[in-house]
Amino acid sequence: MSQYQQAKTHRQTALILLPLLSLSLFFLSWELIVDMGLVPQTLLASPSAVVELFFAKLTNASPDGMLLQEHAWISIKEAFLGYFLALAVGIPLGLAMGWFRLAEGLARPIFEFIRPIPPIAWIPLTIYWFGIGLTGKVFIIWIGGIVPCVINSYVGVRMTNPVFLQMGRLYGATNWQLFWTVCIPSALPMVFGALQIALAWCWMNLVGAELLAANGGLGFLIQCGRKLGRPDLVVLGMVTVAMTGVFIGILIHYVEKKLLAGMRRSQSIANEIQIESRERRPLRLDDILMNRWFLHTVSVSLFLGLWYWTVYMGVFGRGLCYPHEVLQEIGNLMTRRLAGKGLWDHAWDSTRRVFIGFGIACALGIPLGFFMGINKYFNAFFNPIFNLIKPMPPISWVSLSILWLGIGEEPKIFIIAIGAFVPIVLNAYNGIRLIDEELYDVVRMAGGRMKEIVEVSFPAAVPSIFAGLQISLSGAWSCVLAAELVSARSGLGFVIVQGMNSGKASMVIAGMLLIALIASLCSYGIDSLEKKICPWRREIM
């Protein structure tokens, strides 16, 4: 065997052994930490205890009154109902918004109004409207799943290669024919990406709903473990949630590979946007009726009219109030104090927690994902541990963090950091992995490894990293609300809880609108920073 072949064999062996070594050290350290009493068993269960409880819970309903498989079936049933409703509404809506001006003009203002509101913030209103039964949880899951479906489907249509559209028009294809035969097939990779993202969000919001209002399900099992001081129940619930989500994700990935077999996925326009360009012509009536701002005005007017009509007819009883009552409530909150704090103090408390947890996640997640992408040995060691944590919805950590850290600021920041950490790592890692190899070849001829990292790896990964920051920021707001809804004496989540406890829907909606406003401003800030740092992003005309 030649020296080159020996070195290649050693590298392949190392890449096989490093994941096994990583997982072995992780579980062995976990077991020893608990067995040696470094962490009390009242705060953390050992892996062996969790495995033992898993088999026991399959046949023993104690202490929560249900078997493990019964909890899992309740959660799967609720998740799939919400998930398929989100797909059925979100994907057609996003495709239509991406291609038809009428659909975008009417739907976009309402969608942009709802999009920044974390799904967890809908829980109090949902309890008012539907109670804590199946309908309420399905609604929360639907709200969480529809957003990525609309966004990815919309972007998939807008990223259609303009050359294909021009060729279709050249051969006389109609607008509908282009939509069905060019745009939809072109958008399929992004649509299947939405299936994975929507599944993760639906699963996370299901756990959040069951943590706060349920009488069965895996989230309910986690909550029972926290109330009973049983960390083994909490960890069992988290692991079962993660493994169920992984199994469903694998099924979706398998279907995706079968349906998209042979389809070339171009990465060349991943950060480009098509801008509609129209020739100048005399103003006509249909130009006015199809004008974007006119359609937006009609959309908002219809939305407010429907809101007023719903309240007037008493569709949701006291669970919904008039829009002007929400504005009055915001004015009232500005002049009075809740728990010794004014409205802007509560808003700042929530924002501060998000910024701290988000900053910690960025400081840890970006370097980790970056080095996992550029060094295969680093990736082989850390990726297995990361893949253990990745499928666990961040909200499922609420109970464990309260057991570990109490109900102060630390558990809230910990939950936010966990929620923001995963998408940051994934996008930093994928940003490196999707770089064209030809770019590396050019730089390798001119310089060494450091030049390759500085001039190719990092600049090429920056757009993907910023996409991860946007996703993680949304997750951070959901996590802070979940923490504040469960245990807090300040923050906008606390304001929403006070509105729910006092039966004031106007206070609940006021808190939701303030969250949407602050989250939108944060998202706009990240987008502006990206445009400054990534001036090479092109727009397709």
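A quick note: this is a predicted structure, and the numbers were derived from the prediction, not measured.

**Topic: the packing of aromatic side chains**
Here is step 1: Counting across every chain of the model gives 30 aromatic pairs.
Here is step 2: Between F54 and F55 the ring centres are 5.2 Å apart and the planes differ by 80°, which places this aromatic pair in the edge-to-face class.
Here is step 3: By relative accessible area, F54 is classed as partly exposed at 33%.
Here is step 4: Take F55: its relative accessible area is 52%, and that puts it in the exposed class.
Here is step 5: Centre to centre, the rings of F386 and F421 are 6.2 Å apart; their planes meet at 70°, and the pair counts as edge-to-face. Residue F386 is found in helix 15 (residues 376-389), and its partner F421 is found in helix 17 (residues 409-433); the two are separated by 35 residues along the sequence.
Here is step 6: Look at F421 and you get buried, because its relative accessible area is 17%.

**Notes on the pattern of salt bridges**
Here is step 1: Evaluated as defined, the whole model comprises ten salt bridges.
Here is step 2: Where E329 meets R336, a salt bridge forms, and the shortest distance between an N and an O atom there is 3.1 Å.
Here is step 3: Looking at E329, the relative accessible area reads 4%, which means it is buried.
Here is step 4: For R353, the salt bridge is made with E409, and the minimal N-O distance between the two is 2.8 Å. Of this pair, R353 sits in helix 14 (residues 343-374) while E409 sits in helix 17, placing them 56 residues apart in sequence.
Here is step 5: Linked by salt bridges that have partners in common, K341, D349, R352, R353, E409 and E484 make up one network.

**Examining helix 9 (residues 218-228)**
Here is step 1: For helix 9, a buried count of eight out of eleven residues is recorded, marking the element as mostly surrounded by other parts of the structure.
Here is step 2: All buried positions along helix 9 are accounted for by L218, G219, F220, L221, I222, Q223, C224 and G225.
Here is step 3: Positioned one or two residues after helix 9, G229 has a phi angle of 70°, which is positive.

**Structural notes on the nonpolar core**
Here is step 1: Judged by nonpolar contacts, the single largest core of 75 residues is most densely connected at W122, L125, F358, L469, W477 and M512.
Here is step 2: Leave out the neighbours within four places in its chain, and F358 touches I416, A420, I424, L469, S472, L473 and I526.
Here is step 3: Of all hydrophobic cores here, the second largest spans 52 residues; its members include V157, A187, L199 and M238.

**What to know about a nonpolar patch on the surface**
Here is step 1: Together, L28, L32, I33, M36 and L38 line one region of the surface with nonpolar side chains, adding up to about 490 Å² of accessible area.
Here is step 2: With respect to the helices and strands, the residue L28 is situated in helix 1 (residues 3-35).
Here is step 3: On the basis of relative accessible area, L28 is assigned to the partly exposed category, the value being 49%.

**Thoughts on the packing of helix 14 against helix 17**
How two helices sit against one another is set out by the angle between their axes and by the gap between those axes.
Here is step 1: Here helix 14 crosses helix 17 at 30°, and the two axes come no closer than 6 Å. The angle between helix 14 and helix 17 falls in the class roughly parallel. Of the two possible hands of crossing, helix 14 and helix 17 adopt the one that is right-handed.
Here is step 2: For the contact of helix 14 with helix 17, the per-class residue count stands at 22 nonpolar, four polar and five charged.

**Quick word on helix 13 (residues 323-335)**
Residues three or four positions apart in an α-helix share a direction because the helix packs 3.6 residues into each turn.
Here is step 1: Over its 13 residues, helix 13 runs 19 Å from end to end, which matches the ideal 18 Å to within 8%, given 1.5 Å per residue.
Here is step 2: Those residues of helix 13 lying buried are P323, V326, E329, I330 and L333. What you see down the axis of helix 13 is that its buried residues fit within an arc of 105°, all on one side. Turned more than 90 degrees away from the buried face of helix 13, the exposed residues are L327 and T335.

**Focus on the environment of F303**
Here is step 1: On the secondary structure map, F303 appears in helix 12 (residues 292-312).
Here is step 2: Since its relative accessible area comes to 24%, F303 is described here as partly exposed.
Here is step 3: A sequence separation of 196 residues divides F303 from A107, and the C-alpha atoms of the two residues are 10.0 Å apart.
Here is step 4: Excluding its chain neighbours within four sequence positions, the residues that come into contact with F303 are I110 and F113.

**What about unusual backbone geometry?**
Here is step 1: With an omega dihedral of 5°, the bond running from S62 to P63 counts as a cis peptide bond.
Here is step 2: Among the secondary structure elements, P63 is positioned in the loop between helix 2 (47-57) and helix 3 (68-99).

**Details of the environment of L95**
Here is step 1: Among the structural elements, L95 can be located in helix 3.
Here is step 2: Along the sequence, L95 and V157 sit 62 residues apart, while their C-alpha atoms lie 6.3 Å from each other.
Here is step 3: L95 has contacts with S153, V157, F179, I184, A187 and V191, leaving out every residue within four places of it along the chain.

**With respect to the packing of helix 4 (residues 101-114) against helix 6 (residues 134-158)**
Here is step 1: At a minimum axis distance of 13 Å, the contact between helix 4 and helix 6 shows a crossing angle of 140°. One way to sum up the angle between helix 4 and helix 6 is to call them oblique. By crossing handedness, the relation of helix 4 to helix 6 is classed as left-handed. On helix 6, the residues that touch E104, R108 and F111 of helix 4 are V147, V150, I151 and Y154.
Here is step 2: Grouping the constituent residues of the contact of helix 4 with helix 6 by class yields five nonpolar, no polar and two charged.

Definitions and cut-offs
Residues numbered from 1 in each chain as written. Predicted model: local features only at pLDDT ≥ 70, side-chain atom pairs only at ≥ 80, totals over all residues. Heavy atoms only, no water. Phe/Tyr/Trp six-rings, centres within 6.5 Å; stacked < 30°, edge-to-face > 60°. Buried < 20%, exposed > 50% of the residue type's maximum accessible area, 1.4 Å probe, protein only. Helix = DSSP H or I, 4+ residues; strand = E, 2+ residues; numbered from the N terminus. Salt bridge = Lys/Arg side-chain N within 4 Å of Asp/Glu carboxyl O. Core = buried A, V, L, I, M, F, W, Y, C linked by side-chain atoms within 4.5 Å. Contact = heavy atoms within 4.5 Å. Patch = residues over 30% accessible without salt bridge, like charges linked within 9 Å, V, L, I, M, F, W, Y side chains within 5 Å. Areas by Shrake-Rupley, 256 points an atom, 1.4 Å probe, with all protein chains shown as cover. Axes fitted to C-alpha atoms, helices over the stretch in contact; angles between N-to-C directions. Parallel < 35°, antiparallel > 145°, perpendicular 65-115°, else oblique. Left-handed = near helix turned anticlockwise from the far one by under 90°. Nonpolar A, V, L, I, M, F, W, Y, C, P; charged D, E, K, R; others polar. Expected span 1.5 Å × (residues − 1). Arc of directions from axis to C-beta.

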